[in-house]
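If you want the building blocks of each chain, they are given just below.
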Amino acid sequence: TGSGHSGPPHDTGIEATYLTVDPRRPTGTVDVTLDAKGHPAYVIHEGVAWDDIPFTEDLQRLAGQCDAVCFGTLSSRDETSRSTIRRFLEATPETCLNIFDINLRQHYYSERLVQNLLDHASVLKLNEDELPIVCDFMNISDSLPAREQAEALVEKCHLTALALTRGHRGSLLVTGTEVSIHPGISAETADTVGAGDSFTAALAMGLLRNCPLDAINAHANQVAAYVCTQHG
C-alpha cells in the first residue's frame, strides 16, 4: 500500500502483518470500464507501491510456512517486485501450491517472464485468450485442440494442475492423470470483474483439500458465476 494508507484494519479478519507501507509511492489503482455485456477493459496505473515490494526477513519466514501462493505476470512488471516474487517462491516448501494465475494485461509481460514464472509454478490458471500465447511461448502447436494443448503444458511445465477458463462456457481442469470439463453456469451477468480471481480462490481451496477434480471444477464455476451477477 502507498503513502497515507495503513492497510485493512485487523477487525475485518484480513491478515495485515506482512503488508508493506511505501511512503513514496501511491497505492495501486486500476480504471475499469465495462462494455454492454459487463466485460471489462483496464487502465493499470504505473509507478505504484506494489511495483516496489521489498524482500524482507519476515517474507522469508512467511514463504516457508505457505500452503499456497498465488502470483501473476502483472506484479512482476518492475524489477524490485519481480525479484521479491522470485525469491519468495524459491523459499516456499516443496509441497506448496505455487499457483500462476497468469493474467496477461496490456504490454506487461514477455516470453521470458512467462517462462521464468512457469519454472516456479505447480498450478497454471489461464483463459482462452491467454492459452495460444503461452503455447506459442512454449513451442506447443496452435493446431492442437485446447484440451491437448493444456495436457501438453502440464507435461512440458511439470505442473500439478492446469485450469483453463472459458467464460460462460465453463472451464477445463487438467492434471497428469485426469481431465475435468465443466459446461459453465447460466447467470445474469452484471460485471465480470473478479470472476477469474474467485475461480482461482475456489480452485486453490479445492486442491488443498484434495477434493475430486469434478467437484473442484463445479464449485469454482458456481463461485465465479455468482461473482458475475454482482456489480463492483
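Note that the structure is predicted; figures quoted are calculated from it, not measured.

Draft legend 1. Representation of unusual backbone geometry in the model. Of note in this structure, Gln106 is not a glycine but carries a positive phi near 50°. In this structure, His158 is a non-glycine residue whose phi angle is positive, near 55°.

Draft legend 2. The pairing of strand 2 (residues 40-44), seen in detail. In this structure, strand 1 (residues 30-34) lies alongside strand 2, joined through five bridges in antiparallel fashion. Note that in strand 2 the partner of Asp31 across the bridge is Val43. Here strand 1 folds back onto strand 2 in antiparallel fashion, the turn holding five residues, of which Gly38 has a positive phi close to 80°.

Draft legend 3. The packing of helix 6 (residues 195-208) against helix 7 (residues 213-228), seen in detail. Between helix 6 and helix 7, the shortest axis-to-axis distance is 8 Å and the interhelical angle comes to 155°. The orientation of helix 6 relative to helix 7 falls into the category roughly antiparallel. For helix 6 against helix 7, the interelement crossing comes out right-handed. On helix 7, the residues that touch Ala195, Ser198, Phe199, Ala202, Leu203, Gly206 and Leu207 of helix 6 are Ile216, Asn217, His219, Ala220, Asn221, Val223, Ala224, Val227 and Cys228.

Draft legend 4. Molecular detail of the pattern of salt bridges. A complete count under the given rule lists nine salt bridges for this structure. Close ionic contact of Asp52 with Arg24 constitutes a salt bridge, the shortest N to O distance being 2.7 Å. On the criterion of sequence distance, the pair formed by Asp52 in the loop between strand 2 and helix 1 (57-63) and Arg24 in the segment before strand 1 is long-range, its members being 28 residues apart. Ionic pairing is found between Glu128 and Arg169, a salt bridge with its closest N-O pair at 2.3 Å. Residue Glu128 is found in the loop between strand 5 (123-127) and helix 4 (130-137), and its partner Arg169 is found in the loop between strand 6 (161-165) and strand 7 (171-175); the two are separated by 41 residues along the sequence. We classify Glu128 as partly exposed; its relative accessible area is 35%. Judged by relative accessible area, which is 39%, Arg169 ranks as partly exposed. Here the residues in one salt-bridge network are Arg24, Arg25 and Asp52, joined through shared partners.

Reading guide: rules and limits
- Residues numbered from 1 in each chain as written.
- Predicted model: local features only at pLDDT ≥ 70, side-chain atom pairs only at ≥ 80, totals over all residues.
- Heavy atoms only, no water.
- Pairing = 2+ DSSP bridges.
- Helix = DSSP H or I, 4+ residues; strand = E, 2+ residues; numbered from the N terminus.
- Axes fitted to C-alpha atoms, helices over the stretch in contact; angles between N-to-C directions.
- Parallel < 35°, antiparallel > 145°, perpendicular 65-115°, else oblique.
- Left-handed = near helix turned anticlockwise from the far one by under 90°.
- Contact = heavy atoms within 4.5 Å.
- Salt bridge = Lys/Arg side-chain N within 4 Å of Asp/Glu carboxyl O.
- Buried < 20%, exposed > 50% of the residue type's maximum accessible area, 1.4 Å probe, protein only.

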